[in-house]
Amino acid sequence: MEVIKSHRPTQSPEIDPSTLSNYTQFSINNTKLHFDISFDKKIVIGSAEYDLIKKSSQINTIELDTSYLTINKIIIDSIEIKDFQLHKRQEPLGSKLSIPIPTTVPSSFKLSIDFQTTEKCTALQFLDKEATDGKKAPYLFCQCQAIHARSLFPCFDTPALKSTYTLSAKSPLPTLMSGRPLPKTQDNLYNFTQPVPIPSYLISIASGDLVNAPVGPRSDVYSEPCKIKACQWEFEHDMENFIQIAEKLIFDYEWLRFDSLILPSSFPYGGMEIPNLCQLTPTLICKDRSQVSVVAHELAHSWSGNLVTNCSWEHFWLNEGWTVYLERRILEGIAIAEARDKGWENPEEYGESVRQFNAIIGWNDLENNLKSMGDDVDKYSTLIQDLKKGEDPDDAFSTVPYEKGFNLLFHIEKKVGGKKVFDKFIPYYFKTYRYISLDTYQFIDTLYDFFKDKTQELDSIDWDKWLYQPGMPPVDPKFDTTIADKCYHLAGKWYGYTGGKQVPPNTFSEDDISEFNANQSVIFLDTLISYGKVESFNWNQNQDLLKLMESTYKEYNQTLNAEILFRWYYLQVSGERPEFKTKLGEWLGTVGRMKFVRPGYALLNQVDRELAIYYFKKFEMSYHPICRAMVKKDLNL
Ligand code: BES
Ligand code: ZN
């Protein structure tokens with residue numbers, strides 16, 4: 001533990017460097033948030049009412065985060081505050097709003113702010129009706145994580161401070177927010193309550209031509225009417241099973257309902273863990289249920305992230321690493337149940353091999369991600385991140401907190417004696433920190449505290465390397481490759497014919513992949529792509545082989561699974577096949593998920609900058625503002 005001592009901040013949880021607010025000086029009893037949506041002006045006009053408690057009598061200002069907001073009126077108790085100050089913008093954190101507190105105000109008081117968003121709002125995307133699937137009505141959705149809530153409403157925009165919420169929205173269209181729906185009190189007025197304290201980044205609003213359908217006893221799915229049936233089919237098989245497996249592993253689901261909203265294609269992420277209403281990319285609706293793992297992930301956030309929260313984005317792995325760990329345990333549980341149903345021997349062993357197979361995919365993602373980081377690798381690939389110079393958390397975003405985080409937990413699990421032993425720690429940890437926010441040091445202290453009889457084992461973990469060293473995890477996990485081997489073998493066979501070697505007839509056939517599940521195709525394609533990253537080898541000298549692959553595995557050109565299609569295009573484009581450059585370019589106009597859009601443009605840019613810019617200019621305005629900004633940075637525009 002010596003090493004951690006030398007890095008340890010003087011206080012835990014560590015101060016959040018990504019906020020300009022003075023959040024440490026207050027607690028919030030409840031927040032009342034109202035949004036009035038104007039589809040015409042493409043803005044939200046709102047009010048925020050905070051029940052605040054000062055932590056000491058010396059405090060005489062409230063400092064909040066804002067970003068491109070207009071502040072209309074501020075009232076403390078019943079006194080209008082005219083001398084508030086909206087400071088000059090400080091990139092990327094925004095403009096601090098300073099509000100003096102009148103001396104007559106008691107330590108517990110009400111702060112009300114009337115505000116409105118501007119067209120520069122980075123959290124919201126307004127879609128004209130032509131840009132929606134149904135083309136019947138406009139649509140609004142929102143993405144606040146990590147630091148975009150401040151562009152939607154003035155707030156202490158930090159994951160370190162939580163509040164319960166009373167939420168409402170006025171809109172001509174069905175509207176959803178981050179809480180439990182309450183009965184409507186007026187036409188066009190939608191009410192919600194969030195009785196579990198949550199941080200600002202979990203606030204969300206969506207409004208459009210939305211309908212819902214049941215997918216489980218406590219779960220509905222929402223989408224535009226034209227695809228509601230497809231959405232229902234995609235999720236109804238797994239939803240309740242996921243929840244029950246998670247409950248067994250951790251403890252009861254506390255949020256009452258777990259609904260999902262399928263967003264338009266410009267949604268910039270795969271999923272977002274909005275409490276009570278996880279938000280999902282439409283690329284999950286691929287008609288074979290092969291992408292439901294994203295739902296398991298967002299569900300797991302109901303404990304890791306939404307109940308127990310990282311205190312700042314420097315400790316983001318506590319949210320995502322834990323969530324990936326839980327997601328893989330949920331998928332393991334599903335595999336065990338499936339094996340039991342089918343009467344297979346050793347269902348547990350099978351479940352474990354599925355878990356490790358999923359971990360291999362993650363490990364490969366991590367390797368690829370690190371390779372593409374270039375000069376940023378030292379800065380952004382440590383598990384605990386350093387954002388103290390006001391770096392943009394969106395710039396720091398990568399698979400590192402996900403996969404290095406997962407691997408640390410997997411390593412700890414092994415060190416303390418395996419799953420059965422580690423499982424006792426899971427509910428303990430989540431109960432200890434629910435409703436609050438913590439840093440990595442508190443996590444480790446709690447671990448040592450719980451496993452008092454295993455100090456030696458825990459001390460044998462090289463914490464310094466895990467937490468502060470850039471690059472791949474310091475320990476090779478030696479994952480079980482039983483399921484992956486077939487994929488490696490087939491990829492190796494193709495690689496064997498590179499360099500212009502003659503391929504004898506019938507060497508390859510469509511049967512090679514007919515038994516692969518979606519994830520096996522992912523590993524197969526990842527392996528092929530990874531050969532191209534070896535210096536002495538380039539797929540563009542093997543275009544004939546890529547052509548043969550295309551005519552042999554016809555299903556890859558037609559797949560609805562974006563994970564497969566993206567890798568397929570990526571492989572072909574890295575071989576610089578002209579028709580695939582266009583295919584990829586056009587496809588980038590149909591997806592808004594940054595996981596595909598960013599590396600897609602980066603690859604096009606590598607092989608044909610002009611084409612990359614052509615497509616980006618063509619589709620730019622259809623992307624969510626966050627995605628647009630990131631691709632612009634990636635392409636140096
Ligand atoms: N909370 C994240 C998405 C996110 C992270 C948004 C950081 C903004 C800033 C979400 O839970 C997530 O991890 N989504 C993944 C899903 C995947 C790991 C299954 C995604 O979008 O790909
Ligand atoms: Zn996540």
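Residues numbered from 1 in each chain as written. Chains lettered and ligands numbered in written order. Predicted model: local features only at pLDDT ≥ 70, side-chain atom pairs only at ≥ 80, totals over all residues. Heavy atoms only, no water.

## A short note on the packing of helix α6 (residues 347-373) against helix α9 (residues 400-415)
Here comes step 1: Where α6 meets α9, the axes come as close as 9 Å, and the angle between the chain directions of the two elements is 135 degrees. Considering the angle they form, α6 stands oblique to α9. α9 is crossed by α6, and the crossing has left-handed handedness. On the side of α6, the interface is formed by Glu352, Arg355, Gln356, Ala359, Gly362, Trp363, Leu366, Leu370 and Met373, while α9 contributes Val400, Glu403, Lys404, Phe406, Asn407, Phe410 and Glu413.
Here comes step 2: Per-class residue counts for the contact of α6 with α9 are 8 nonpolar, 3 polar and 5 charged. (Axes fitted to C-alpha atoms, helices over the stretch in contact; angles between N-to-C directions. Helix = DSSP H or I, 4+ residues; strand = E, 2+ residues; numbered from the N terminus. Parallel < 35°, antiparallel > 145°, perpendicular 65-115°, else oblique. Left-handed = near helix turned anticlockwise from the far one by under 90°. Contact = heavy atoms within 4.5 Å. Nonpolar A, V, L, I, M, F, W, Y, C, P; charged D, E, K, R; others polar.)

## A closer look at the site of ligand 1
Here comes step 1: Taken together, 16 residues surround ligand 1, and among them Gln145, Gly270, Glu273, His301 and Tyr402 come closest.
Here comes step 2: Contact distances for ligand 1 include 2.6 Å between a nitrogen atom and a side-chain N or O atom of Glu273.
Here comes step 3: In the environment of ligand 1, an oxygen atom lies 2.8 Å from a nitrogen or oxygen atom belonging to the side chain of His301.
Here comes step 4: Protein chains shield 90% of the accessible area of ligand 1, which is 520 Å² for the free molecule.
Here comes step 5: Only β19 (271-272) and α4 (293-300) provide two or more residues apiece to the shell around ligand 1.
Here comes step 6: Looking at the shell around ligand 1 element by element, the count peaks at 3 residues for α4. (Near = heavy atom within 4 Å. Polar contact = N/O pair within 3.5 Å; in protein donor to acceptor, adjacent residues only side chain to side chain. Areas by Shrake-Rupley, 256 points an atom, 1.4 Å probe, with all protein chains shown as cover.)

## Some remarks on the UniProt feature "active site" (unreviewed entry) in the protein
Here comes step 1: Sequence positions flagged by UniProt for "active site" (unreviewed entry) are, in local numbering, Glu298 and Tyr402. Judged by maximum C-alpha separation, these annotated positions cover 105 residues in sequence but sit close together in space, the widest gap being only 13.0 Å.
Here comes step 2: Tracing the chain through its elements places Glu298 in helix α4.
Here comes step 3: The class of Glu298 is buried, set by a relative accessible area of 5%.
Here comes step 4: Structurally, Tyr402 can be placed in helix α9.
Here comes step 5: Apart from residues no more than four positions distant in its own chain, Tyr402 is found in contact with His297, Phe316, Glu320, Gly321, Val324 and Phe397. (UniProt positions renumbered as here; feature names shortened; annotations may be inferred. Buried < 20%, exposed > 50% of the residue type's maximum accessible area, 1.4 Å probe, protein only.)

## Some thoughts on the packing of helix α19 (residues 562-574) against helix α20 (residues 578-587)
Here comes step 1: One way to put it is that α19 packs onto α20 with a least axis distance of 9 Å and a crossing angle of 145 degrees. Of the two elements, α19 crosses α20, and the hand of that crossing is left-handed. In this structure, α19 uses Ala562, Leu565, Phe566, Trp568, Tyr569, Gln572 and Val573 to contact α20, whose residues at the interface are Phe580, Lys581, Lys583, Leu584 and Trp587.
Here comes step 2: Grouping the amino acids of the contact of α19 with α20 by side-chain chemistry returns 9 nonpolar, 1 polar and 2 charged.

## Thoughts on the side chain of Asn319
Here comes step 1: Looking at the element boundaries, Asn319 is found in helix α5 (residues 317-341).
Here comes step 2: A relative accessible area of 0% means that Asn319 is categorised as buried.

## Considering the sheet that holds strand β5 (residues 79-80)
Here comes step 1: Overall, mixed pairing links the 8 strands, which are arranged β5-β4-β8-β2-β1-β11-β14-β13 in an open sheet. Among the strands making up the open sheet, the edge pair consists of β5 and β13 (180-186). (Pairing = 2+ DSSP bridges.)

## Description of the packing of aromatic side chains
Here comes step 1: Under the criterion given, the structure shown has 60 aromatic pairs.
Here comes step 2: Look at Trp313 and Phe316: their rings are 5.8 Å apart centre to centre, the planes differ by 75 degrees, and that puts the pair in the edge-to-face class. The same class applies to Trp313 and to Phe316, which are both buried.
Here comes step 3: Consider the rings of Phe425 and Tyr429, whose centres lie 5.8 Å apart with planes at 25 degrees: the pair is stacked. Of this pair, Phe425 and Tyr429 both sit in helix α10 (residues 419-433), separated by 4 residues, roughly a single helical turn. The two residues Phe425 and Tyr429 agree in class, both being buried.
Here comes step 4: When the ring centre of Phe251 is taken as origin, the NZ or CZ atom of Arg434, which lies over that ring, is 4.9 Å away.
Here comes step 5: A cation over a ring is seen here: Lys583 above Phe580, with NZ or CZ 4.7 Å from the ring centre. (Phe/Tyr/Trp six-rings, centres within 6.5 Å; stacked < 30°, edge-to-face > 60°. Lys NZ or Arg CZ within 6 Å of the ring centre and 35° of its normal.)

## Considering helix α23 (residues 625-634)
Here comes step 1: Taken together, the buried positions of α23 are Pro625, Ile626, Cys627, Arg628, Met630 and Val631.
Here comes step 2: Buried residues belonging to α23 abut β9 (124-127), α8 (393-396), α21 (594-607) and α22 (609-619).

## Examining the coordination of the zinc ion (ligand 2)
Here comes step 1: Protein coordination of the zinc ion (ligand 2) is provided by His297 (NE2), His301 (NE2), Glu320 (OE) and Glu320 (OE), with donor distances spanning 2.0 to 2.7 Å.
Here comes step 2: Angles of 53 to 159 degrees at the metal separate the 6 donor atoms of the zinc ion (ligand 2), which places the site in the irregular class.
Here comes step 3: Of note, the zinc ion (ligand 2) draws all its donor residues from one chain, in the sequence arrangement H-x3-H-x18-E. Residue His297 is found in helix α4, and its partner Glu320 is found in helix α5; the two are separated by 23 residues along the sequence. With respect to class, His297 is no different from Glu320; both count as buried. (Donors = N, O, S within 2.8 Å, 3.2 Å for Na, K, Ca; no water. Tetrahedral: all angles 85-135°; square planar, octahedral: opposite > 155°, others 65-115°.)

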